[in-house]
Amino acid sequence: MRNQSSLVLATAVALALGHAPAAVAQLEEIIVSAQKFEESVQDIGLTISAFDEDSFRELTAGSLDGLASQLTNTQAYANNSFLQSVHIRGIGLNEFQGQYDSPVAKHIDEVYIAKPWMSSRRQYDIQRVEVLKGPQGTLFGRNTTGGAVNYYTNQPTDTFAAALELGADEHERYSLQGMINGPLAEGLSGRLAFLSEFGSGGPQYNLFTGREHGEPDLLDFRGQLRWEGEKLSVRLMAHGGTDQGEKIAWKGPGIFNFGAAGFCPELFTGEVSRSPSSCAKYAGFATLAGHPEGEYEPEDKYTINQNTPPAVDDSFHGGYLRLDYELGQATLTSITAYEYYERIHNEDSQSDIFDSTSTHYYNEINQITQELRLAGEMGGKSRYVLGLFYEHDDLEQVDGSDLSDQPLPGVVPPFANQFFAQFHQELDSYAAFSHFEYNVSEQVTLNLGLRYTSDKTSVDDVLLGLGSLPQVGKEKYVTPCLITTFFEGPAGSPACPFLGPEAPLYADSRTDENFSWRLGLEWAPEDDLLVYANLTTGYRGGGYSLPFAGAATSFDPEEIFAQEVGIKSQFLDRRLQLNATLFHFEYDDVQVNVDDPVSPLVPITRNVGKQENLGAELELTWQPSERWLVKQGLGYLDAEYQDTARAISTYAGIVPLEGKTPVNSPEWTYNGMLRYEQPVTGNWNGALTLDYHWVDERFLETTNQVFDRAAAYWLFNLRAALASQDGKWEVAVYAKNLFDEEYLTYINNIGFFKLDIFGEQRTIGATLRHRF
């Protein structure tokens, strides 16, 4: 860490000693629509981090974890196709079953995307990204107790343009993306964009297959039409694609003594995560069965030994129709959207060479959303937004795990070898919302917001139990044994093996209602200074946990009351920007993913009581000259569970959650970016960008034991680019994870095995981009 810190210091010194600026430069203004009006991000009394097209492409390459690395108090990891975890200020989703909603909502062109796995792929042809921190319950609605990540794609224009970008890295992974845009007729323009990822390698090596793992196979396209009339504008978008790639595989360190009963000592010190082969995976039973090669996890963090490493066979399509009609001082907007996603995911949950816990996930969702809103001004002193929202989700889910070759005795019942869950879930959500801004004076603005939401969630065709046939797609299981319990009450015969496939199916429904509100005050004593305060509430809907190898349970909505004060300021003729925020969150009935006695194999969502988060953020952006750009961010967070009687089973026994720190809630985070650009030869400019962040130690399981802890880490990324001054050509080389840091991004401690995911090793690559 000393060498890495020295690199930052040396670069800063070079900046301080560099040549005087050739010209005065101002920071570029970013226009956002976080309050449904277009305005500068510095003029809104909310905590917003915004990225324009170039910075999003260069810093993140379209990835979620790349985006979060430049956000204070934000943790995001692209762990898997379904473990896309985003935590903002200590609130997020850490769950792999498909029916759950994240408290950090995602929107693409203002269309809500219901499930995290529906948008887990790389984003492309993006015009800007807005990350809103804290509850956004009034304008963005349900499931925004932690915040919202809003992507805005480039829309068609009446000027011809086209671009292609080819990418490659040292793991033999390649990408090709491009777009073409232009006029089609009077008032009508179109845009077509695509992304293809392919290759023959990956960042992990699989001993079982003798080849690299992580081969991409993605095709994603988006087509748009835009028509502009005198008062009416129409935007039509359609998209679709497939993903048949290989995904990040778990590491499965051993947790048992070899040839003796009980957990090994290295488990309780956390050594098994640092040295995965220090303990046996099967206590010697794999060796007794004649498979000593499957007894220990490979020591190298990026080497696996798995017969069914993670792979997907996904397909998706959808689109929206947006109408904007000008009514003088108001605009009427309608957004009608449809999304379809079929996810087929197979993985080796126990990370081994047996069908010990080979798990299959199937999700098929049809989502329809409709938003209708009126936004305008009244008398030059106030603005308003009035709206209605509807969402319908139709989800089919079949999950299961094959334990037919489980080496550990006593795990698999003698009458079946498949744990499974299959069900149908529907959601109908209705909302009415309003937002008002009133200029009390030239310097003071009052913000008021209110939203009513009614969610009806229903489940039917529910089967949880033991089966005897593996799942293929959404094919139903043969179910000689049904062990479903509903609301943790008995349902079925104790003579489980004789219940037969004609067992009754289960159904239930629940309706949740909520009023969310916002009261905000903004004071702008001068043009480049804004002081603001907000009192805000938010809501995440209730639902059902329907795990394989467990009981069905229901959980209630979670609610948040947030208090926040902040300041946004610019100095030195808008070359220096300094923003700061203090926040305090109070959660009731917070929804947490926990290991629970009614679901011994799969974690489920429970209401655990209260949670309190207290924190601060400081962000600085400085452009001392046209050549230099400097960004720095510092975050502090103190989060803990309170007033909870919930206790969780762990390797060390029962652990109460009272006073524990939520998952992915490091006390300190730090991020920064240094960028230098200058002419190098002829009509070419060179640019060098170093971005970095540091994450304090944090827990990746709610029980906060030593074996749940992830160590602090530094991460550095370097990019060097050569671009023509006319913007037509750019060639770049990059190094992600420059110093090859080994860092944990996910832990799942299950009763008879342990799972770890590490961030990707150092990766060197290049891109070539041409604009026509």
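Use the structure listed above.
This section reports on the structure supplied with the text. Fair warning: this is a prediction, and the values are worked out from it, not measured in the lab. (Residues numbered from 1 in each chain as written. Predicted model: local features only at pLDDT ≥ 70, side-chain atom pairs only at ≥ 80, totals over all residues. Heavy atoms only, no water.)

Within the protein, the secondary structure is distributed over 6 helices and 47 strands. Taking 772 residues into account, the globule formula puts the C-alpha radius of gyration at 28 Å, and the protein, at 26 Å, falls close to it. Projected onto the principal axes, the alpha-carbon positions of the protein cover approximately 75 × 55 × 55 Å. For the protein, buried positions account for 60% of its 772 residues. Once local pairs closer than 6 in sequence are excluded, the contacts in the protein between residues at least 24 apart make up 67%. By element, 58% of the accessible surface of the protein is carried by carbon and sulfur atoms, the whole surface being about 29,600 Å². For the protein, the distance from the average site of its 54 positive side-chain charges to the average site of its 107 negative ones is 4 Å. (Helix = DSSP H or I, 4+ residues; strand = E, 2+ residues; numbered from the N terminus. Rg over C-alpha atoms; globule rule 2.2 N^0.38 Å. Buried < 20%, exposed > 50% of the residue type's maximum accessible area, 1.4 Å probe, protein only. Contact = heavy atoms within 4.5 Å. Areas by Shrake-Rupley, 256 points an atom, 1.4 Å probe, with all protein chains shown as cover. Lys, Arg positive; Asp, Glu negative; His and termini not counted. Charge placed at Lys NZ, Arg CZ, Asp CG, Glu CD.)

With respect to the helices and strands, Ala-260 occurs in the loop between strand S17 (232-243) and helix H4 (265-269). With a relative accessible area of 38%, Ala-260 lands in the partly exposed category. When the C-alpha atoms of Ala-260 and Val-592 are compared, they prove to be 35 Å apart, with 332 residues separating the residues in sequence.

Here the focus is the pattern of salt bridges. Applying the stated criterion across every chain yields a total of 43 salt bridges. Arg-173 is the partner of Glu-760 in a salt bridge, and the nearest nitrogen-oxygen pair spans 2.6 Å. Here the residue Glu-760 occupies a position in the loop between strand S46 (753-758) and strand S47 (763-771), and Arg-173 occupies one in strand S12 (residues 173-185), the gap between them amounting to 587 residues. The class for Glu-760 is partly exposed, based on a relative accessible area of 31%. (Salt bridge = Lys/Arg side-chain N within 4 Å of Asp/Glu carboxyl O.)

To continue, consider the pairing of strand S10 (residues 147-153). When you tally the buried positions in S10, you get 7 out of 7 residues, the bulk of the element. Judged by which residues are buried, S10 turns out to be covered on both faces: Gly-147, Val-149, Tyr-151 and Thr-153 on one side and Ala-148, Asn-150 and Tyr-152 on the other are all buried. Note that strand S9 (residues 126-133) and S10 share 7 bridges and pair antiparallel. Residue pairing for S10: Glu-130 is matched across the bridge by Asn-150. (Pairing = 2+ DSSP bridges.)

Of all the 8 residues making up helix H2 (residues 53-60), 6 are buried; the element is thus mostly covered by neighbouring parts of the structure. Residues of H2 that are buried: Ser-55, Phe-56, Arg-57, Glu-58, Leu-59 and Thr-60. Where H2 terminates, the next one or two residues include Ala-61, which has phi positive at roughly 55°.

In this section: the state of the cysteines. Enumeration according to the criterion identifies 1 disulfide in this entry. One disulfide bridge connects Cys-264 with Cys-279, the sulfur atoms lying 1.9 Å from each other. Between Cys-264 and Cys-279 the sulfur-sulfur dihedral comes to about 105°; the bridge is accordingly right-handed. Note that Cys-264 is positioned in the loop between S17 and H4 and Cys-279 in the loop between helix H5 (271-274) and helix H6 (285-288), a separation of 15 residues in sequence. (Disulfide = S-S within 2.5 Å.)

The next thing to look at is the sheet that holds strand S5 (residues 84-88). An order of S4-S5-S6 is seen for the 3 strands of this open sheet, with the pairing classed as antiparallel. Two strands close off the open sheet at either side, each with one partner strand: strand S4 (74-78) and strand S6 (91-92). In terms of strand pairing, S5 meets S6 through 2 bridges, oriented antiparallel. Bridge pairing links Ile-88 to Ile-91 in S6.

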